[in-house]
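# What the coordinates show
So you can see what is in the structure, the chains are spelled out below.
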Number of protein chains: 2
Amino acid sequence: MHALLVEDDDRMAHALVTALAQRGHTVRRVGRASDALQHAHEAEFVLLDLGLPDLDGLELLRRLRAVCDAPLIVVTARCGERDIVQGLRAGADDYVVKPFRTVELMARIDAVRRRTDPSSGGKDIGGGDTGGPVRTGDVEIDPAARTVTVAGAEVRLTRREYDVLAFLAARPGEVHSREEILDRIWGDVYLTASRSLDVHVAGVRAKTGRPGLIRTVRGFGYQLGAADQDDGP
Amino acid sequence: MHALLVEDDDRMAHALVTALAQRGHTVRRVGRASDALQHAHEAEFVLLDLGLPDLDGLELLRRLRAVCDAPLIVVTARCGERDIVQGLRAGADDYVVKPFRTVELMARIDAVRRRTDPSSGGKDIGGGDTGGPVRTGDVEIDPAARTVTVAGAEVRLTRREYDVLAFLAARPGEVHSREEILDRIWGDVYLTASRSLDVHVAGVRAKTGRPGLIRTVRGFGYQLGAADQDDGP
DNA sequence: CGACCCCTGTCATCCCCCTGTCACCTGGGA
DNA sequence: TCCCAGGTGACAGGGGGATGACAGGGGTCG
């Protein structure tokens, strides 16, 4: 079982690497957000410290979730109610507050893996969906670089715009409800009444020049569509 | 979503029932281990207090796990490392120590359900029971993509039309009463006298070009039928 | 200070859902 | 065989919810 440990503190990282190795895991430890995103696709599960210096923790969590569906446990010193709730809503499977007991953390890792290993293989992810670039028509979305190219030319999307597009691209063709998208990207479902999601979807359509790239499923949500064709009737 | 709450303290139970009901869950609350085991099979998820008077909590947890694989969260005052680790190892998906914040507990319930419920996205209608696509004749219904294809060509159904078809497709050949369909999709039985259901069934038949795809059971309801091609005059 | 991004509010449009009506079909009884 | 009653199919029209387009304020970062 290969773990990705995202932790900037050397002493903490060392302790966790030792504990994980004792239980038979191989570990890649990274200390920066960019490295975490780069290696996310290799991980079979992720331990994430939200206190990295170079990127907001919640933001990193959302970006990881956009490219990687592996079990993920947040391990952090942030213990506020808002932190915990937002972390869980943004896609974390569990949330452990420092200081913690190593044995408990290991037990929680096992509990999460118990749920994700046998059953969750249902969705056929793992081919090119999670790690590598996703292409539809002449549009290419590269999660590692956070870039989008249309007909070979790079398009500059804002953070939210890219998040929405990448989230949909993680499972091409699958329909995601408004609630699900807001929950995963914004970490908050109560924005359902807001116009934010619509605005950013419109931004992606306008900047890419491919109105069909994100397809509206009226009354439900959005899905990644074909990029080079306009929708039929 | 139907919850089983195992809690002997009335005040705590009342607070949790209220919180769960506010989030749309139905709750059965029991205060004794024997009742918990009796109702375990109905539960879609379980909240378990380990401090029951009539049976050791860990033992109850193991017995519940023997008869029920639903997501289970331990909610208890026992905060020792040994308690937590044993609880998780005995099959709990999460372990929350009293006193806890209600919002956090709800977020943890959602996080666990996200992993165990394949249709975590939105309503539990379209793709709830069926993991994969359903095919009958040359018609294929894909719950993940919310799409329907006839002879390989995609047919665009509206939300209600798709909901009705997907509901019937979840159990091919089984007859569903009008009441049941209205209850599950509209959440309202009192539309029985309305023509809505008929209209949407007609819509599916017309758009797919397969009149036999949904078969009428006169005086009762509808069922998914064979999607034979239209050899019309 | 300026640029950029995100969120919110408003307006207009679209089309989906519901309803009402009529006609046809089915099944039972005389 | 004929008649009747209830259920269903077909169709059209109104209302309202959902979405797209746009503009403005607030915040952040360089």
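Above this text is the structure in question.
This report concerns the structure included in the present document. Because the structure is predicted, anything quoted here is derived from the model rather than measured.

Rules behind the numbers
- The residue count restarts for each chain, going from 1 along the sequence in the order it is written.
- For naming, the first written chain is A and the first written ligand is 1, with later ones following in the order written.
- Reporting of local features is limited, given that this is a predicted model, to residues whose pLDDT is at least 70; pairs of side-chain atoms are given and counted only at 80 or more, and all residues count toward the totals for whole chains, interfaces and linings.
- The side-chain quantities take in all heavy atoms of the structure and omit both hydrogens and water.
- We define proximity as follows: a residue is near a molecule or strand when any one of its heavy atoms falls within 4 Å of that partner.
- Pairs of N or O atoms are called polar contacts if they sit within 3.5 Å, as long as, within protein, a hydrogen donor faces a hydrogen acceptor (for residues adjacent in sequence, only side-chain-to-side-chain pairs).
- Strands are runs of DSSP state E lasting at least 2 residues, helices are runs of H or I lasting at least 4, and numbering of each runs from the N terminus.
- Here the nonpolar group is Ala, Val, Leu, Ile, Met, Phe, Trp, Tyr, Cys and Pro; Asp, Glu, Lys and Arg are the charged ones; every other residue, Gly included, is treated as polar.
- We call two residues in contact when some of their heavy atoms are within 4.5 Å.
- By buried area we mean how much accessible surface two parts lose on assembly, using a 1.4 Å probe and totalling the loss over both.
- Definition used for salt bridges: Asp or Glu carboxyl oxygen within 4 Å of a side-chain nitrogen of Lys or Arg.
- Here, any two strands with at least 2 DSSP bridges between them count as paired.
- Here an axis means a line fitted to C-alpha atoms, over the contact stretch when the element is a helix, while the angle between two N-to-C directions is reported on a 0 to 180 degree scale.
- Grouping buried Ala, Val, Leu, Ile, Met, Phe, Trp, Tyr and Cys residues that are joined through side-chain atoms within 4.5 Å yields what is termed a nonpolar core.
- Burial status follows relative accessibility: with a 1.4 Å probe on protein chains alone, a residue under 20% of its type maximum counts as buried, one over 50% as exposed, and anything between as partly exposed.
- Marked domain ranges trace back to an automatic or database domain assignment.

Below, the discussion takes up the protein's contact with DNA strand C. For DNA strand C, the set of nearby residues contains 22 residues, the closest of which are Thr158 and Trp186 of chain A together with Thr158, Trp186 and Ser194 of chain B. A distance of 2.9 Å is found between a phosphate oxygen of DNA strand C and a side-chain nitrogen or oxygen belonging to Ser194 of chain A. Contacts to DNA strand C include His200 of chain A, whose side-chain N or O atom sits 3.1 Å from a phosphate oxygen. For the surface near DNA strand C, the elements supplying multiple residues, two or more each, are helix H6 (159-169) and helix H8 (196-208) of chain A together with helix H6 (159-169) and helix H8 (196-208) of chain B. For the surface near DNA strand C, a count of residues per class yields six nonpolar, eight polar and eight charged.

Turning our attention to the interface of chain B and chain A. Tallying the contact residues gives 35 residues for chain B and 46 residues for chain A. Buried surface at the junction of chain B and chain A, both sides included, amounts to about 3,200 Å², of which 45% is carbon and sulfur. Area buried by chain B at its contact with chain A is led by Arg114, Arg115 and Arg156 of chain B, which between them contribute 23% of it. Linking chain B to chain A there are seven salt bridges.

What follows covers the sheet that holds strand E10 (residues 175-177) of chain B. All names here are of chain B. Here we have three strands laid out as an open sheet, ordered E10-E12-E11, and antiparallel in their pairing. Only two strands of the sheet have a single partner each, and these edge strands are E10 and strand E11 (214-217). For this sheet the average axis-to-axis angle between neighbouring strands, irrespective of direction, equals 30 degrees. Sheet analysis places E10 next to strand E12 (residues 221-224), joined by three bridges and oriented antiparallel.

The next thing to look at is the nonpolar core. Residues and elements named next belong to chain A. Judged by nonpolar contacts, the single largest core of 55 residues is most densely connected at Val6, Leu48, Leu60 and Leu165. Considering every element that reaches this core, the biggest residue donor is H6, with seven residues. For this core, the two domains that each supply at least three residues are domain 1 (2-121) and domain 2 (134-224). Not counting the four nearest positions on each side in its chain, Leu60 is found in contact with Val6, Ala33, Ala36, Leu37, Leu48, Leu52 and Leu55.

Functional significance is not addressed by these values, which are geometric in nature.
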